[in-house]
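Coordinate analysis (summary)
If you want the building blocks of each chain, they are given just below.
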Amino acid sequence: MVEPSLPSFAEWHAEPSWETIDFISDLHLSEETPRGFDAWAAYMGNTPADAVVILGDLFEAWVGDDARHAGFEARCTEVLTATAAVRPVAFMVGNRDFLVGEAMLAACHVRALADPTVLVAGDQRLLLSHGDALCLSDLQYQRIRAMARSAAWQRDFLLQPLEARRAQVRHFRLQSELHNRARSGTPYADVDLPTAVQWMRAVAAPTFIHGHTHRPATETLTPGLVRHVLSDWDLDHTEPERAEVLRWHRGVLTRLPLLP
Ligand SMILES: [Mn+2]
């Protein structure tokens with residue numbers, strides 16, 4: 001097997017004054033998740049964190065930054081803008097909302113985070129990624145990802161009228177649901193652990209925080225290297241409801257359930 005080459009790692013230095021940094025991902029917000037939206041809006045308004053880091057798939061879908069001016073996307077844009085006016089907010093795209101771009105983030109005063117990024121907080125180095133790029137065993141997904149992340153595909157997609165893009169995304173979603181139903185019983189791909197370890201060693205980060213797999217866990221990969229998989233949020237479709245924040249406070253990471 002050919003070893004995948006290492007990506008380039010961005011580096012981001014936390015402000016020395018920050019004592020608390022929150023990490024969230026995989027909220028999959030949409031018009032169909034009113035309770036999820038309300039929980040997120042309340043959390044964003046009330047968190048005591050000095051900074052909020054969103055590690056992808058905040059949105060179930062994002063068809064282009066021009067969608068931010070109306071409807072559900074406008075309400076989300078308001079929450080991001082209001083939060084970023086109080087405390088720094090950083091955003092890394094996921095596989096659902098990878099079209100969130102400079103225009104959207106600049107309008108909200110939210111910092112764009114490259115995937116992957118090393119967050120330097122105090123004397124710690126934390127590797128941050130959404131996680132989908134490391135799900136190497138899902139070859140079909142990796143092919144689609146390579147296509148959809150290409151500048152040419154994105155330019156062609158964004159050239160279409162907004163409504164045509166919405167229709168196309170609905171079609172994608174339906175196809176992927178059918179695909180998932182057909183493969184029911186097959187567990188979703190996990191992050192490729194040897195490659196994760198390789199990334200962590202390459203950037204001297206003993207801690208890896210990612211989302212995407214919807215399998216929240218804290219796990220020692222190899223002595224001294226620990227990954228924290230963020231929880232997805234679901235307050236609209238499943239019982240029991242799920243919503244959780246991973247909170248870094250003065251160097252210690254804790255899972256914080258947001259529900260009673
Ligand atoms: Mn994802």
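Figured I'd write up the structure that's included with this text. All values reported here derive from a predicted model rather than from experimental measurement. (Residues numbered from 1 in each chain as written. Predicted model: local features only at pLDDT ≥ 70, side-chain atom pairs only at ≥ 80, totals over all residues. Heavy atoms only, no water.)

**Brief notes about the pairing of strand β12 (residues 252–257)**
Strand direction decides the pairing type here: strand β11 (residues 244–249) and β12, joined by six bridges, are antiparallel. Bridging from a neighbouring strand, R247 pairs with T254 of β12. Following β11, the chain reverses through two residues before pairing antiparallel with β12; R250 in that reversal takes a positive phi of roughly 45°. (Pairing = 2+ DSSP bridges. Helix = DSSP H or I, 4+ residues; strand = E, 2+ residues; numbered from the N terminus.)

**Focus: the nonpolar core**
Membership of the largest hydrophobic core comes to 37 residues, with the highest contact counts inside it found for W40 and L80. For this core, the secondary structure elements donating two or more residues are α1 (34–46), β3 (51–55), α2 (71–84), β4 (89–92), α3 (102–108) and α5 (151–159). It is α2 that contributes the most residues to this core, five residues altogether. In contact with W40, other than residues within four places in its own chain, are I24, L27, L29, L58, C76, V79, L80 and W233. With 19 residues, the next largest nonpolar core counts L55, L113, L128 and I209 among its residues. (Core = buried A, V, L, I, M, F, W, Y, C linked by side-chain atoms within 4.5 Å. Buried < 20%, exposed > 50% of the residue type's maximum accessible area, 1.4 Å probe, protein only. Contact = heavy atoms within 4.5 Å.)

**Quick look at the coordination of the manganese ion**
The manganese ion binds to the protein through D57 (OD), N95 (OD1), H130 (NE2) and H212 (ND1), with metal-donor distances spanning 2.0 to 2.2 Å. The sequence pattern formed by the donor residues of the manganese ion is D-x37-N-x34-H-x81-H. Taken as a pair, H130 in the loop between β7 (124–129) and α4 (139–148) and H212 in the loop between β8 (207–210) and β9 (217–222) lie far apart in primary sequence, 82 residues in all. We note that H130, like H212, is buried. (Donors = N, O, S within 2.8 Å, 3.2 Å for Na, K, Ca; no water.)

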